[in-house]
Protein chains: 2
Amino acid sequence: MTDCQGDGEGASTPMELYERLGAQGDKVRSLKSAKAEKAEVDAAVQLLLKLKIDYKQMMGQDYKAGCPPSEEAAAPDNGPAAEGDEDTVDPWNVSTTNAKGVDYEKLIVKFGSSKIDKELVDRIEKVCGQKPHRFLRRGVFFSHRDMHQVLDAYEKHKSFYLYTGRGPSSEAMHVGHLIPFIFTKWLQDVFDIPLVIQLTDDEKYLWKDLTVEECHRFAIENAKDIIACGFDLNKTFIFSDLDYMGASPEFYRNVVKIQKHVTFNQVKGIFGFTDSDCIGKISFPAIQAAPSFSNSFPQIFGSRSDIQCLIPCAIDQDPYFRMTRDVAPRIGYPKPALLHSTFFPALQGAQTKMSASDANSSIFLTDTPKQIKNKINKHAFSGGKDTVEEHRKYGGNPDVDVSFMYLTFFLEDDEQLEKIRQVREEIGPQTRSD
Amino acid sequence: MTDCQGDGEGASTPMELYERLGAQGDKVRSLKSAKAEKAEVDAAVQLLLKLKIDYKQMMGQDYKAGCPPSEEAAAPDNGPAAEGDEDTVDPWNVSTTNAKGVDYEKLIVKFGSSKIDKELVDRIEKVCGQKPHRFLRRGVFFSHRDMHQVLDAYEKHKSFYLYTGRGPSSEAMHVGHLIPFIFTKWLQDVFDIPLVIQLTDDEKYLWKDLTVEECHRFAIENAKDIIACGFDLNKTFIFSDLDYMGASPEFYRNVVKIQKHVTFNQVKGIFGFTDSDCIGKISFPAIQAAPSFSNSFPQIFGSRSDIQCLIPCAIDQDPYFRMTRDVAPRIGYPKPALLHSTFFPALQGAQTKMSASDANSSIFLTDTPKQIKNKINKHAFSGGKDTVEEHRKYGGNPDVDVSFMYLTFFLEDDEQLEKIRQVREEIGPQTRSD
């Protein structure tokens, strides 16, 4: 059961929390051995669980009796993140201590991007002549770079193309992976433009303990799920890096051009690479950058290198494209524009994004309806209060309720969503048992 | 005129030499202004020129009046070379202070390779059934790795393939560039085996101030000169990296495998890269390594990855293949074997190798016989004495005479070569005028 709040209840340091956990564990054991009343034992257990969750939120790892927290373990392990920053957002780590999720307003300031405000959403509606996608209406896509420029050009009949991608680290994709694809499909539909989808199987080989063959197989499997999103077959090019690098001299030429214009110092600053990283990781960012330039795809754009690229992606991918935008003018290409999405929350709460490597945090596209129901009931953090009584008294909090957050992503009907929000706020989610 | 020896004549430090140069310059000026006898002025000028050459040899840069030598300028600028080492040998720099050229015996110890001794030359003769190539007879190919293993396998009817290459940094190749190709052609002829030739136009783009298009054009132009060496058309594959990387997924897969197994620390140690180097340079060594593995060429070897590779190359390329041999067993491939050649001396002497970027140091394949004659007469260091009288008295020194060295590379007839050596030793080269 995960119906509890993560407010820390006064424990200000990891060590204080660790000590309170030890004491609470002792209390539970003594109550049980003394055969105390069930309600009393249950309340003690609930507090113990709550403290454990607080501990995991604070430390990023499970509480273990006998293993006091070390200073090192508490320190964020991502090089480039500023000290004291409570949110970690880079292509390999997304986490925050806030149950509402990452502070996206802060991220816009930190990354130097622009907010997708009402004016921009209205403009997109006007230019494409369609009701904005729910991801725009609800701020799932919340940040951008140069979107106004893309629309200016489009109004002058200068078209653009879309580029998004996926790192195929496992056979099964989860629902979180669908977010950029669902939105990209909508963009392709309303603007009627070409789309390229990069599957970075080479990246996954470099970063994970997998063989080249496994990564390539995952790319093929994931491509099937991506195709199922319903892209325009005549205007969509899905490729595996391991295949396409060896099939397009034009693509490789752009990779080399980018690699000539980015130093190790730069990727160290942007991605936090160290001297112990393999040279494949160090040079990989150029491979994710290259599809941003239209002449990487002569089969689609001929030799034209001036067609603007628009990249819908989760904001953790922005470091790649900050680098790309820095290089672009130096090699004579237009900077790609971007639309950034928020993260899709893990079942356990918006402190981390859904991750395929943690099966309990994820709803996979291969899960049956029954499995999904069980996962939601068992693991989905709901923001409920510590006891049913309290919960009934104070109501629920849709801002931290994962099931409700999922509805904001997937329920199209705004009115119905608003109704559910009100119901949740008033009476809270149903209490559930493990 | 460069007929002089570079023995330093007692000046043991750059500063001493700098001061002697200043004094000698003063002497020349005062003799001239005093209208001294021509012979006396000429002798003083000749000594001045000799000191200038000694200075350049010691400092790696021209003497400039008013610019005393600094400690820094005298330090070798290649990271990996050991301090106090008088020879610099890496893929981008070859130089020594010794007029006889690099100390190759020392290099064998430093690089940990094996000497090509008489026993190995005799064995090659026995296995291939042909008189050894003059490059073997005369120690032009002087060092190897695992050549006995290649011959062991060949005797058991397990064949191998050849891999060599060229960095196409200019349109015209010079005669020094031909050395590995001439020898590789002989190996292909006597062993009747496949050969792959890599043109690293991507490397030249990364290292030089050239466009991708220029480097690719140089690759095509150089390929013509290479083809003219007369390789077996049915067993030779010449490729530009810029083309082949984008044409062979198998090649790219090997590149990525190598890139996963080499860290920045390693390439820093081997090649002296720094944090300011571009990520293309840092990851390039994997691209020069990949042709060492037979499954990089499925069009030749199918999916077989177990065919041994033999690489004839100048010894400055060995760092790439030390790295390759380190990686090979970790990715399940056999280590490539190597045959290392000495450097082809610049016209100015064996202190540096012939370099296409210095037109006066090089005899190009496009030079006319008349141009070649002029270059030899004007620029070729001959090891003559300071005056015709001295030269007649003491004789020449074929060990430092560049024209004679060239004959050791190109004159097939051993007897004739020996005769010329004796003549040179006795009466020295003809004295020549500028």
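What you see is a predicted model; the values in this text were computed from it and never measured. (Residues numbered from 1 in each chain as written. Chains lettered and ligands numbered in written order. Predicted model: local features only at pLDDT ≥ 70, side-chain atom pairs only at ≥ 80, totals over all residues. Heavy atoms only, no water.)

**Looking at the overall build of chain A**
And step 1. Each helix and strand in chain A was counted, giving 21 helices and 11 strands.
And step 2. The long-range fraction of contacts in chain A, counting pairs at least 24 apart against all pairs at least 6 apart in sequence, stands at 73%.
And step 3. Element-wise, carbon and sulfur atoms account for 51% of the exposed surface of chain A, whose accessible area totals about 19500 Å². (Helix = DSSP H or I, 4+ residues; strand = E, 2+ residues; numbered from the N terminus. Contact = heavy atoms within 4.5 Å. Areas by Shrake-Rupley, 256 points an atom, 1.4 Å probe, with all protein chains shown as cover.)

**As for the interface of chain A and chain B**
And step 1. Contact with chain A, which involves 39 residues of that partner, is made by 39 residues of chain B.
And step 2. Summed over both sides, the interface between chain A and chain B buries roughly 3300 Å², with carbon and sulfur atoms accounting for 60% of that surface.
And step 3. Taken as a group, Tyr 252, Lys 260 and Ile 279 of chain A account for 22% of the area that chain A buries against chain B, more than any other trio of residues on that side.
And step 4. Summed over the shared surface of chain A and chain B, the number is four salt bridges.
And step 5. One salt bridge in this structure joins Asp 243 of chain B and Arg 253 of chain A, with 3.3 Å as the shortest N-O distance.
And step 6. Counting across the chain A and chain B interface gives 29 residue pairs in polar contact (both at pLDDT 80 or more).
And step 7. Counting residues per element, the ones that place at least two in the side of chain A that touches chain B are helix H9 (201-207), helix H10 (212-227), helix H11 (241-244), helix H12 (249-260), helix H13 (264-271), helix H14 (279-283) and helix H15 (285-289) of chain A.
And step 8. In terms of residues, the side of chain A that touches chain B owes the most to one element, H12 of chain A, which gives seven residues. (Buried area = accessible area lost by both parts, 1.4 Å probe. Salt bridge = Lys/Arg side-chain N within 4 Å of Asp/Glu carboxyl O. Polar contact = N/O pair within 3.5 Å; in protein donor to acceptor, adjacent residues only side chain to side chain.)

**Points about the nonpolar core**
And step 1. With 92 residues, the main nonpolar core has Ile 258 and Val 267 of chain A together with Ile 258 and Val 267 of chain B as its most contacted residues.
And step 2. Excluding its chain neighbours within four sequence positions, the residues that come into contact with Ile 258 of chain A are Ala 286, Ala 289, Ala 290, Phe 293, Met 323, Val 327 and Ile 331 of chain A. (Core = buried A, V, L, I, M, F, W, Y, C linked by side-chain atoms within 4.5 Å. Buried < 20%, exposed > 50% of the residue type's maximum accessible area, 1.4 Å probe, protein only.)

**A closer look at the side chain of His 133 of chain B**
All names here are of chain B.
And step 1. With respect to the helices and strands, the residue His 133 is situated in the loop between helix H5 (118-128) and helix H6 (134-137).
And step 2. For His 133, a relative accessible area of 8% puts it in the buried group.
And step 3. Of the polar contacts made by the side chain of His 133, one reaches the backbone nitrogen of Phe 135; its length is 3.0 Å.

**Some thoughts on the sheet that holds strand S9 (residues 337-341) of chain A**
Residues and elements named next belong to chain A.
And step 1. If you trace the seven strands from one edge of the open sheet to the other, you get S3-S4-S9-S8-S5-S6-S7, paired in mixed fashion. The open sheet has two edge strands with one neighbour each: strand S3 (114-115) and strand S7 (236-240).
And step 2. The strands touched by helix H17 (residues 318-327) are strand S4 (141-145), strand S5 (160-166), strand S8 (308-314) and S9; relative to S9, the strand with the most contacts, the crossing angle is about 165°. (Pairing = 2+ DSSP bridges. Axes fitted to C-alpha atoms, helices over the stretch in contact; angles between N-to-C directions.)

**Focus on the pattern of salt bridges**
Opposite charge on two side chains permits them to pair, given that their charged atoms come into close proximity.
And step 1. Enumeration over the complete set of coordinates arrives at 48 salt bridges over all chains.
And step 2. Glu 418 of chain B is paired through a salt bridge with Arg 421 of chain B; the nearest N and O atoms lie 3.3 Å apart. Linking Glu 418 of chain B with Arg 421 of chain B, this pair stays in helix H21 (residues 414-427), spanning three residues, or about one helical turn.
And step 3. Taking the relative accessible area as the measure of exposure, Glu 418 of chain B reaches 35% and is therefore partly exposed.
And step 4. Salt bridges here are not isolated pairs; linked through shared partners, they connect Arg 134, Arg 137, Arg 138, Glu 412 and Asp 414 of chain A.

**Details of helix H20 (residues 402-410) of chain B**
And step 1. Along H20 of chain B, seven of the nine residues are buried, which leaves the element largely enclosed by surrounding structure.
And step 2. For H20 of chain B, the capping residue at the N-terminal end is Asp 401 of chain B, with a side-chain oxygen 2.9 Å from the backbone nitrogen of Ser 403 of chain B.

**Quick word on the sheet that holds strand S5 (residues 160-166) of chain B**
Residue and element names in this part refer to chain B.
And step 1. What the seven strands build is an open sheet, ordered S3-S4-S9-S8-S5-S6-S7; its pairing is mixed. The sheet terminates laterally at strand S3 (114-115) and strand S7 (236-240), the two strands that pair on one side only.
And step 2. Of the strands in this sheet, S3 and strand S4 (141-145) touch helix H4 (residues 104-111), which is tilted by about 10° from S4.

**Remarks on the packing of H5 of chain B against helix H8 (residues 175-191) of chain B**
All names here are of chain B.
And step 1. Packing of H5 against H8 brings their axes to within 9 Å, and their N-to-C directions diverge by 45°. In terms of their interaxial angle, H5 and H8 are classed as oblique. Counting all contacts with H5, which are made through Ile 124, Val 127 and Cys 128, the residues of H8 involved are Trp 186, Val 190 and Phe 191.
And step 2. Within the contact of H5 with H8, the residues separate by chemical class into six nonpolar, no polar and no charged. (Parallel < 35°, antiparallel > 145°, perpendicular 65-115°, else oblique. Nonpolar A, V, L, I, M, F, W, Y, C, P; charged D, E, K, R; others polar.)

**Considerations on unusual backbone geometry**
Residue and element names in this part refer to chain B.
And step 1. One non-glycine residue, Asp 146, adopts positive backbone phi at about 60°.
And step 2. Mapped onto the elements, Asp 146 comes out in the loop between S4 and helix H7 (147-155).
And step 3. In this structure Asp 146 comes out as partly exposed when scored by relative accessible area, which is 25%.
And step 4. Of note, His 157 is a non-glycine position whose phi angle comes to about 65°, a positive value.
And step 5. Within the fold, His 157 resides in the loop between H7 and S5.

**Comments concerning the packing of aromatic side chains**
For any pair of aromatic rings, the description rests on two quantities: the centre-to-centre distance and the angle between the ring planes.
Residues and elements named next belong to chain A.
And step 1. All chains considered together, the criterion is met by 71 aromatic pairs over all chains.
And step 2. Arranged with centres 4.7 Å apart and planes meeting at 50°, the rings of Tyr 161 and Phe 301 form a pair that is tilted. Here the residue Tyr 161 occupies a position in strand S5, and Phe 301 occupies one in helix H16 (residues 298-301), the gap between them amounting to 140 residues. A single burial state applies to Tyr 161 and to Phe 301, both of which are buried. (Phe/Tyr/Trp six-rings, centres within 6.5 Å; stacked < 30°, edge-to-face > 60°.)

**Overview of the state of the cysteines**
What makes a disulfide is a covalent bond joining the sulfur atoms belonging to two cysteines.
All names here are of chain A.
And step 1. Overall, the coordinates contain zero disulfides over all chains when judged by the stated rule.
And step 2. Cys 278 forms no disulfide, and the closest cysteine sulfur to it belongs to Cys 215, at a distance of 12 Å.
And step 3. Given the relative accessible area of 8%, Cys 278 is considered buried.
And step 4. Take Cys 313: it sits in no disulfide, and the sulfur closest to it among the cysteines is that of Cys 309, at 10 Å.
And step 5. According to the relative accessible area criterion, Cys 313 is buried, its value standing at 6%. (Disulfide = S-S within 2.5 Å.)

**Remarks on the relation of the copies chain A and chain B**
And step 1. With an axial shift of 0.1 Å and an RMSD of 0.3 Å, the rotation relating chain A to chain B amounts to 180°. Within this description, the copies of the chain are treated as partners about a two-fold rotation axis.
And step 2. A shared interface surface links the copies, since 100% of the contact residues of chain A are contact residues in chain B too. (Least-squares fit on C-alpha atoms with pLDDT ≥ 70 in both.)

**What about the environment of Ser 95 of chain B?**
Residues and elements named next belong to chain B.
And step 1. Of note, Ser 95 is situated in strand S2 (residues 93-95).
And step 2. Among the residues examined, Ser 95 registers a relative accessible area of 27% and is labelled partly exposed.
And step 3. Placed 256 residues apart in sequence, Ser 95 and Gln 351 show a C-alpha to C-alpha distance of 5.4 Å.

**Focus: H13 of chain A**
And step 1. Among the residues making up H13 of chain A, those that are buried are Phe 264, Val 267 and Phe 271 of chain A. On an axial view of H13 of chain A, the arc spanned by its buried residues comes to 65°, and they lie on one face.
And step 2. Against the buried residues of H13 of chain A lie H14, H15 and H17 of chain A together with helix H13 (264-271) and helix H14 (279-283) of chain B.
And step 3. Just beyond H13 of chain A, the residue with positive phi is Gly 272 of chain A, at close to 75°. (Arc of directions from axis to C-beta.)

**Comments concerning the domain arrangement of chain A**
Residue and element names in this part refer to chain A.
And step 1. Structurally, chain A comprises domain 1 (91-341) and domain 2 (382-425).
And step 2. Taking only C-alpha atoms, the centre of domain 1 and the centre of domain 2 are 32 Å apart.
And step 3. Opposite the 11 residues of domain 1 that make contact, domain 2 presents 12 residues.
And step 4. Overall, the association of domain 1 and domain 2 removes approximately 970 Å² of surface from exposure, summing both partners, and the carbon and sulfur fraction of that is 52%.
And step 5. Looking at the side of domain 1 facing domain 2, the largest losses of area belong to Lys 100, Arg 134 and Arg 138, adding up to 51% of the total buried there.
And step 6. Inspection of the domain 1/domain 2 interface yields four salt bridges. (Domains from an automatic or database assignment.)

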